[in-house]
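Spelled out from the first residue to the last, the chains are:
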Amino acid sequence: MKILLTGATGGIGSAIKAQLKDNEFIQAIGEVDWVIFAHGIINEENVEQTFKVNTTDCMLLTQDLIPHLKKGVIYISSTAGIRGNDKFPT
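Here the structure is a predicted model, which is why all the values come from computation and not from measurement.

Engineer: Give me the lowdown on the overall build of the protein, citing residues and values where you can.
Structural biologist: Of the regular secondary structure elements, the protein holds 3 helices and 3 strands. Going from N to C terminus, the protein has its helices and strands arranged as β-α-α-β-α-β. In the protein, buried positions account for 29% of the 90 residues. Considering only contacts in the protein between residues 6 or more positions apart, those separated by 24 or more positions represent 72%. In the structure as shown, the protein presents an accessible area of about 6,200 Å², 57% of it carried by carbon and sulfur atoms.

Engineer: Talk me through the environment of Ile66; I want residue IDs and the actual numbers.
Structural biologist: Looking at the secondary structure, you find Ile66 in the loop between helix H3 (47-65) and strand E3 (69-76). Among the residues examined, Ile66 registers a relative accessible area of 52% and is labelled exposed.

Engineer: Quick one: what's the story with a nonpolar patch on the surface, residue by residue and with numbers?
Structural biologist: A cluster of nonpolar side chains, Met1, Ile3 and Leu5, forms an exposed patch at the surface whose accessible area comes to about 350 Å². Note that Met1 resides in the segment before strand E1 (3-7).

Scoring rules and cut-offs
- Residues numbered from 1 in each chain as written.
- Predicted model: local features only at pLDDT ≥ 70, side-chain atom pairs only at ≥ 80, totals over all residues.
- Heavy atoms only, no water.
- Helix = DSSP H or I, 4+ residues; strand = E, 2+ residues; numbered from the N terminus.
- Buried < 20%, exposed > 50% of the residue type's maximum accessible area, 1.4 Å probe, protein only.
- Contact = heavy atoms within 4.5 Å.
- Areas by Shrake-Rupley, 256 points an atom, 1.4 Å probe, with all protein chains shown as cover.
- Patch = residues over 30% accessible without salt bridge, like charges linked within 9 Å, V, L, I, M, F, W, Y side chains within 5 Å.
- Salt bridge = Lys/Arg side-chain N within 4 Å of Asp/Glu carboxyl O.

It is worth stressing that arrangement in space is one thing and function is another; only the former is reported here.
Put into structure tokens, the structure is as follows:
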């Protein structure tokens, strides 16, 4: 099974998206079974960046990968590790 996972380090979703503009990269990936978006940010000073990383970049990357996708996409987005709340303190 081949899985493409975003997350684990800052900015990886944007970096992958930028690389997907290169057809050699898309060809190198070939087909994937699953894409898992496991990232999330909150930037209270820049709402546009928050929306771009958490929503727009995921949508654009998914759109680029559809021809190479065999099974599906999983979206997981949480900033609980960055900013806790009364239910999930950090």
